[in-house]
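# Structural characterization, general
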Amino acid sequence: MPPLVAATQLGFLCDARKRFVVDAAAFPGAAPESFEVQDLALVDSETLGEWENWKAVHRGRLDVHRGPMGDHLVGEFTALARPGCYRVMLPGAAGWSHPFVVSDGAFSRIPPLALDFVHAQRCGAFEDALRGPCHLDDGLRSDTGEPVDVSGGWHDAGDLRKWMATTPLPVLGFFALRDRLGFARNHWREKHFEDDALSEAAWGVRWVLKMQDPATGLFWEDVGGGGDARALPGTRWWVDNHAGCVADNAGNVFTDNRPASGDERQVRVQYNPIAQYVAVALLADAGDRFRTAAPALARQSRDSALACWRSMEGRAADAFHRWTSVRSWRLLAALRLHDRGVVAEAAVTALVTGLLDVQDGRGFFWMDADRRDPYRGIVHAAQPAIALCSFIERDFEHPLVDRAREALELLWDGYVAPLTAANPYGIVPYGLYAEPRTAGDVYHEFAPGLWYRFFMPEHAPERVNHGLSSHWTSWAHALGMMGRVLERREFRDAAFDQLAWLTGANPLGVSMVSGVGVRTAAPYSRFLGPQPGGFMLGPRGTADDTAWADTEGRLAWNSGEYWMPPLANTLMALAELLPPGTAPASRRLGVPA
């Protein structure tokens, strides 16, 4: 059974807002009105054979929250800033939380844990104590059957497939950690690198370079992504800005590592615009980050980014470039190339204007330039905000900076703030709909002509309903950036709420990160097994828009599958939210009581 008190099982920074949630339905009679926070390092009294009696160091009142999720009790103990290991206790031991820490180092184990997880997902000429080299024979072009060397990279999505739009995203997370927090370590001592994060990023970048078609400069979509055998009427390759939604498991296998033996996996060569701009962005960054440690790789990365950008200039008028997600990623790529003198100021201005043009006056963004369907993104949920923040911080004197700031303030006031206030956990719901689009699913009215769900609909014709950890962590990244760029603490508080939801502050009382917290959901990893540091898809929605995750070991992919996007988004969020360097001793565990 989940604990009655839902709180993060990871922890809080010392000066962060600190909250927990209790489902009022657990108390059909008189609900508790107060709570206490106990310091697990301090024992009031103890008797052999009895429970420990930990000292209460903070007491507070519970507030009632009523909304579409039902009635809940919310407690806040922000004033408790002393580093320590704590839990929340309700009166008469009617309920309690799992332990959590208060420390400016509360999140310090996440980056190395994530780094080790990504390292363990290496594909190609890599082996460790668990497994040997794999997929050395990747792969065959889907159009001509011609063999191409795309070995390397990382396994993704709880299995063995490799996707250009999502699998390399940890590279951006590793760069952000190093740039903003100074994160570095040197356990592996790999050639040319004195930092494991840069070494791991280089492993991913080398695979990205292999995925570029030398004839066109464009990047192929995936390796081993599978065929379309499970496509049915109503299903689509693209669902809410995410590709691959009908791919089957045809390529989700180990191979014999021998080229031309007949079991090589397919390399899908079709055009994915988001994959192009993800590649340009991370390769442009790689061109800077590897200049000293691996100058040849840096030059190759820069040349590859430029080749793709030039090729995409000929496609900038296609239908995909009406999409808000594509406009956001194109702006992110253009800003990096503008820094290097490749993209002109006028081109950046046009891209920013194009993105601002797809924002509604009520705050939210539209899915595309047609302005008929509000924006939703399974992976790139907050990409418009991330792109605008990146623009603002790069060019404070640009004439559009004020408009971009106003757009972010409007996004918060008209969209994020009211929707996070509509639930006790403070999560950003999946998104808005112009009308309830599926029969049998509960939708909540947001405003005249606008509806929302916290989770994906169960009965959508696309038959895609899985957990939204990539959505919540994308918002954590965006809100962290907004808090820094616009200097608004409430944005940072909301960013931490998204991470708290995935680390235990949810109705199921489970962490969705393997190795983090007391109680986790069941991971879906059927080739390499459970792995510490793996970020699962997260709670998915039921028809009545409540959270569900596999807590029984059913191996349900739609909640437990490991995926690179939430891991990468979390690293980028932490790069925005955490203080750089090592926190003072007074703000870490070990301070005398």
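Keep in mind it's a predicted model, so treat the numbers as computed, not measured.

## Concerning the overall build of the protein chain
The number of helices and strands found in the protein chain is 13 helices and 17 strands. Taken over C-alpha atoms, the radius of gyration comes to 24 Å for the protein chain, in line with the 25 Å a tight globule of 593 residues would show. Overall size of the protein chain, expressed as C-alpha extent along the three principal axes, is 75 × 55 × 50 Å. Burial status across the protein chain gives 61% buried among its 593 residues. Residue pairs in contact within the protein chain that sit at least 24 positions apart in sequence constitute 68% of those at least 6 positions apart. Carbon and sulfur atoms make up 52% of the accessible area of the protein chain, which amounts to about 22,800 Å² in all. Once the 58 positive and 72 negative side-chain charges of the protein chain are each reduced to a mean point, those two points are 2 Å apart.

## Here's the deal with the environment of Ala93
Along the chain, Ala93 turns up in the loop between strand S7 (84-89) and strand S8 (100-102). When the C-alpha atoms of Ala93 and Phe35 are compared, they prove to be 9.9 Å apart, with 58 residues separating the residues in sequence.

## Considering the environment of Gly590
Relative to the helices and strands, Gly590 is located in the segment after helix H13 (564-577). Gly590 gets classed as exposed once you look at its relative accessible area, which sits at 71%. Sequence-wise, Gly590 and Gly84 are 506 residues apart; in three dimensions their C-alpha atoms are separated by 7.5 Å.

## Things to note about the nonpolar core
Counting 170 residues, the largest nonpolar core has Phe290 and Trp475 as its most contacted members. Among the nonpolar cores identified, the runner-up in size contains 19 residues, and Val5, Ala7, Ala24 and Phe100 belong to it.

## A short note on the pairing of S7
A regular strand places its side chains so that they alternate between the two faces of the sheet. The element S7 is extensively covered by neighbouring structure, given that five of its six residues are classed as buried. Pairing of strand S4 (residues 34-45) with S7, which is carried by four bridges, proceeds in the antiparallel orientation. When the bridges of S7 are listed, Asp39 appears paired with Tyr86. Pairing of S7 with S8, which is carried by three bridges, proceeds in the antiparallel orientation. Looking at the pairing, Tyr86 lines up with Phe100 of S8.

## A short note on the packing of helix H3 (residues 196-210) against helix H5 (residues 295-313)
Packing of H3 against H5 leaves a shortest axis separation of 11 Å and a crossing angle of 45°. As judged from the angle between their axes, H3 and H5 are oblique. Viewed along their axes, H3 and H5 form a crossing whose handedness is left-handed. On H5, the residues touching Ala202, Val205, Arg206 and Leu209 of H3 are Leu297, Gln300, Ser301 and Ser304. In the contact of H3 with H5, the residues fall into four nonpolar, three polar and one charged.

## Side note on the sheet that holds strand S9 (residues 140-141)
Strand order in this open sheet of four strands is S9-S12-S11-S10, and the pairing throughout is mixed. The open sheet has two free edges, formed respectively by S9 and strand S10 (162-163), since each of these has just one partner strand. Across two bridges, strand S11 (residues 222-223) lies against strand S12 (residues 266-268) in antiparallel orientation. Each residue of the ladder has a partner; that of Val223, found in S12, is Val267.

## Description of helix H4 (residues 273-289)
With 17 residues, H4 should reach 24 Å at 1.5 Å per residue; the first-to-last C-alpha distance of 25 Å fits that figure. Within H4, 15 of the 17 residues are buried, leaving the element largely enclosed by the surrounding structure. Capping of H4 at its N-terminal end is provided by Asn272; its side-chain oxygen lies 3.0 Å from the backbone amide nitrogen of Ile274.

## Looking at the pairing of strand S5 (residues 53-67)
Both S4 and S5 contribute to a ladder of eight bridges, which runs antiparallel. The residue bridging Glu36 from the neighbouring strand is Arg59, located in S5. One ladder, built from six bridges, connects S5 with strand S6 (residues 70-76); its direction is antiparallel. In the strand pairing of S6, Val64 is matched with Leu73.

## Focus on the packing of aromatic side chains
How two aromatic rings sit relative to each other is given by the distance of their centres and the angle of their planes. In the structure shown here, the tally under the stated rule is 27 aromatic pairs. Pairing Phe12 with Phe100 gives two aromatic rings, centres 5.5 Å apart and planes at 90°, and the pair type is edge-to-face. On the criterion of sequence distance, the pair formed by Phe12 in strand S2 (residues 11-12) and Phe100 in strand S8 is long-range, its members being 88 residues apart. Look at Phe12 and you get buried, because its relative accessible area is 8%.

## Section: the side chain of Asp360
Within the secondary structure layout, Asp360 lies in the loop between helix H7 (345-356) and helix H8 (383-394). There is a polar contact of 3.3 Å between the side chain of Asp360 and the side chain of Trp366.

## Observations concerning the pattern of salt bridges
A complete count under the given rule lists 42 salt bridges for this structure. Asp138 serves as the salt-bridge partner of Lys162, at 3.0 Å between the closest nitrogen and oxygen. Linking Lys162 in strand S10 with Asp138 in the loop between helix H1 (110-120) and S9, this pair joins segments that are 24 residues apart in sequence. Measuring nitrogen to oxygen at the nearest pair gives 2.7 Å for the salt bridge that ties Arg322 to Asp370. With a gap of 48 residues between them, Arg322 in the loop between H5 and helix H6 (324-339) and Asp370 in the loop between H7 and H8 connect regions that are remote in the sequence.

How each quantity is defined
Residues numbered from 1 in each chain as written. Predicted model: local features only at pLDDT ≥ 70, side-chain atom pairs only at ≥ 80, totals over all residues. Heavy atoms only, no water. Helix = DSSP H or I, 4+ residues; strand = E, 2+ residues; numbered from the N terminus. Rg over C-alpha atoms; globule rule 2.2 N^0.38 Å. Buried < 20%, exposed > 50% of the residue type's maximum accessible area, 1.4 Å probe, protein only. Contact = heavy atoms within 4.5 Å. Areas by Shrake-Rupley, 256 points an atom, 1.4 Å probe, with all protein chains shown as cover. Lys, Arg positive; Asp, Glu negative; His and termini not counted. Charge placed at Lys NZ, Arg CZ, Asp CG, Glu CD. Core = buried A, V, L, I, M, F, W, Y, C linked by side-chain atoms within 4.5 Å. Pairing = 2+ DSSP bridges. Axes fitted to C-alpha atoms, helices over the stretch in contact; angles between N-to-C directions. Parallel < 35°, antiparallel > 145°, perpendicular 65-115°, else oblique. Left-handed = near helix turned anticlockwise from the far one by under 90°. Nonpolar A, V, L, I, M, F, W, Y, C, P; charged D, E, K, R; others polar. Expected span 1.5 Å × (residues − 1). Polar contact = N/O pair within 3.5 Å; in protein donor to acceptor, adjacent residues only side chain to side chain. Phe/Tyr/Trp six-rings, centres within 6.5 Å; stacked < 30°, edge-to-face > 60°. Salt bridge = Lys/Arg side-chain N within 4 Å of Asp/Glu carboxyl O.

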